[in-house]
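Each chain, written out:
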Amino acid sequence: MKIYLDGNFVEKEDAKVSVYDHGLLYGDGVFEGIRAYDGVVFKLEEHIERLYDSADSIAMKIPASKVEMEEIVIETLKSNNLKDAYIRLVVTRGVGDLGLDPRKCPKATIFCIAENMKPLLGEDGIKVITSSIRRLPVDVLNPAVKSLNYLNSILAKIQANYAGVDEAFLLDSEGYVAEGTGDNVFVIKNGKIKTPPLSSSVLKGITRDTVVDLAKEAGYTIIEEKMTLHDLFVADEIFITGTAAELIHVVEIDGRIINNGKLGPVTKDLSDRFKEIRSKIGKKYIE
Ligand code: PMP
């Protein structure tokens, strides 16, 4: 397996960063999780844009152009002969001293890992709890920044683990539904689809945006609206979206069974539409 690290392709055993890298010492860095389907990198440009937005927000300069970053992803896939893959593209603040001041880190570190991953749709659905850990407020560390510091999500995931369920939803600081630990939330009620707005402490998910577009094209009413737990408890269907998750339906939320524990018609329709387009939108790198 070849990993891209600061201009070179190295074997997994040699893909090492310094213990003085602030990405490790402080979670000071940004990243993207990206998928490739059948030789096409799904929405690569959008992922690179979001990576740059995350970096700009934390005043970190990525030492490569957007086009070069796209090439890094594609070269990593090609070096590993991967047609279907999960890709992790990371930019850390780089090597500094033990103080947190980023001015001590002259150059950001870039690495890219690509692993084989077949599409995983059509699962049995997931059980979810609401975490008592609130999602970071937008005025503390905006969840729009896909930073390396995932402790907020990890604490919620630990609660889900203790509760014996698959995933946890976090509420925002005002008590409105925000998102899952690594995914966005959608609710269907009376044929209408809702997802929390960006002001509810959510990442602007690329799968979220794709599903919104697909739903509009299919003629559904889809709106961004603040939601409470009540909206989840009375939902006809709930599903999550994410690069790794794609679309997965929720069968249980805080002990309440959703849609008799079955995949609902709207989720199925959107999931089928997603499967249809996922290898068609993005950057083709294998003919
Ligand atoms: N929210 C969080 C906290 C995430 O980590 C992710 C995964 N990147 C998402 C939402 C979904 O975003 P995307 O569809 O771009 O993967």
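Residues numbered from 1 in each chain as written. Predicted model: local features only at pLDDT ≥ 70, side-chain atom pairs only at ≥ 80, totals over all residues. Heavy atoms only, no water.

So, the site of the ligand
Point 1. The local shell around the ligand holds 16 residues, among which Lys146, Tyr150, Glu179, Thr207 and Thr243 are the closest.
Point 2. Here a nitrogen atom of the ligand sits 2.7 Å away from a polar atom, N or O, in the side chain of Glu179.
Point 3. Here an oxygen atom of the ligand and a side-chain polar atom of Thr207 are 2.6 Å apart.
Point 4. Bound to the protein, the ligand loses 95% of the 390 Å² it would expose on its own.
Point 5. Looking at the shell around the ligand, the elements with two or more residues in it are α5 (206-217) and β13 (237-242).
Point 6. Considering only residue class, the shell around the ligand consists of three nonpolar, eight polar and five charged. (Near = heavy atom within 4 Å. Polar contact = N/O pair within 3.5 Å; in protein donor to acceptor, adjacent residues only side chain to side chain. Areas by Shrake-Rupley, 256 points an atom, 1.4 Å probe, with all protein chains shown as cover. Helix = DSSP H or I, 4+ residues; strand = E, 2+ residues; numbered from the N terminus. Nonpolar A, V, L, I, M, F, W, Y, C, P; charged D, E, K, R; others polar.)

Focus: unusual backbone geometry
Excluding glycine, most residues fall at negative phi; most peptide bonds, likewise, are trans.
Point 1. Unusually for a residue other than glycine, Ala59 sits at a positive phi of about 55°.
Point 2. Structurally, Ala59 is set in the loop between α2 (44-57) and α3 (66-79).
Point 3. Taking relative accessible area as the criterion, Ala59 reaches 64% and is therefore assigned exposed.
Point 4. For Asn259, which is not a glycine, the phi torsion comes out positive at approximately 45°.
Point 5. Residue placement: Asn259 occurs in the loop between β15 (256-257) and α7 (265-277).
Point 6. For Asn259, a relative accessible area of 28% gives the class partly exposed. (Buried < 20%, exposed > 50% of the residue type's maximum accessible area, 1.4 Å probe, protein only.)

Observations concerning the pairing of strand β12 (residues 221-224)
As a general feature of sheets, a regular strand has side chains that alternate between the two faces.
Point 1. Note that strand β11 (residues 192-195) and β12 share four bridges and pair parallel. By the bridge assignment for β12, Ile193 is matched with Ile222.
Point 2. Read as a crossover between parallel neighbours, the route from β11 over α5 to β12 is right-handed. (Pairing = 2+ DSSP bridges. Right-handed = clockwise from strand over helix to strand, strands pointing away.)

Description of the nonpolar core
Point 1. If you look at the biggest cluster of nonpolar residues, it comprises 29 residues, and the most contacted ones within it are Met69, Leu77, Ile87 and Leu89.
Point 2. Excluding anything up to four places from it in sequence, Leu77 contacts Ala36, Val41, Leu82, Ala85, Ile87, Ala114 and Tyr285. (Core = buried A, V, L, I, M, F, W, Y, C linked by side-chain atoms within 4.5 Å. Contact = heavy atoms within 4.5 Å.)

Examining the side chain of Arg208
Point 1. Relative to the assigned elements, Arg208 resides in helix α5.
Point 2. Setting aside chain neighbours within four positions, we find Arg208 in contact with Asn184, Phe186, Thr195, Pro196, Pro197, Leu198, Leu203, Glu224 and Thr241.

Observations concerning α5
Point 1. Counted at 1.5 Å a residue, the expected span for α5 with its twelve residues is 16 Å, and the 17 Å between its end C-alpha atoms agrees.
Point 2. Turning to α5, its buried residues number three or more, namely Ile206, Thr207, Arg208, Thr210, Val211, Val212, Leu214 and Ala215. (Expected span 1.5 Å × (residues − 1).)

Topic: the packing of aromatic side chains
Point 1. Taken as a whole and assessed by the stated rule, the structure comprises five aromatic pairs.
Point 2. The interplanar angle of 85° and the centroid separation of 6.2 Å between the aromatic rings of Tyr37 and Phe42 together place this pair among those described as edge-to-face.
Point 3. Using a relative accessible area of 5% as the deciding quantity, one classes Phe42 as buried.
Point 4. Feature note: the residues Tyr37, Phe42 and Phe274 constitute an aromatic cluster, connected by ring pairs.
Point 5. Of note, Lys66 hangs over the ring of Tyr52, and the distance from its end group to the ring centre comes to 5.3 Å.
Point 6. Sitting over the face of the ring of Phe233, Arg256 holds its NZ or CZ atom 3.7 Å from the ring centroid. (Phe/Tyr/Trp six-rings, centres within 6.5 Å; stacked < 30°, edge-to-face > 60°. Lys NZ or Arg CZ within 6 Å of the ring centre and 35° of its normal.)

Quick word on the sheet that holds strand β2 (residues 8-11)
Point 1. Taking strand neighbours across the sheet as the criterion, the seven strands line up as β2-β1-β6-β5-β3-β4-β16 in an open arrangement whose pairing is antiparallel. Each end of this open sheet is capped by a strand with a single partner; those strands are β2 and β16 (282-284). Taking the axes of each pair of neighbouring strands and ignoring which way they run, one obtains an average angle of 25° across the sheet.
Point 2. As defined by bridge partners, strand β1 (residues 2-5) adjoins strand β6 (residues 109-116) across two bridges and the pair is classed as antiparallel. Considered in β6, the bridge of Leu5 is made with Phe111.
Point 3. Relative to the sheet, α2 contacts β3 (29-37), β4 (40-42), β5 (85-92) and β16, its axis offset from that of β3 by approximately 175°. (Axes fitted to C-alpha atoms, helices over the stretch in contact; angles between N-to-C directions.)

A word on the domain arrangement of the protein
Point 1. Assigned domains within the protein: domain 1 (2-116) and domain 2 (126-277).
Point 2. Between the C-alpha centres of domain 1 and domain 2 there is a distance of 26 Å.
Point 3. Of the residues lining the interface, 21 residues belong to domain 1; the matching set on domain 2 comes to 18 residues.
Point 4. Overall, the association of domain 1 and domain 2 removes approximately 1500 Å² of surface from exposure, summing both partners, and the carbon and sulfur fraction of that is 64%.
Point 5. The partner of Glu246 in a salt bridge is Arg35, with the nearest N and O atoms 3.5 Å apart.
Point 6. Listing elements by their share of the side of domain 1 that touches domain 2, those giving two or more residues are β3, α2 and β5.
Point 7. Sorting elements by how many residues they give to the side of domain 1 that touches domain 2 places β3 first, with eight residues.
Point 8. Taken together, the residues that form the side of domain 1 that touches domain 2 break down as eight nonpolar, eight polar and five charged. (Domains from an automatic or database assignment. Buried area = accessible area lost by both parts, 1.4 Å probe. Salt bridge = Lys/Arg side-chain N within 4 Å of Asp/Glu carboxyl O.)

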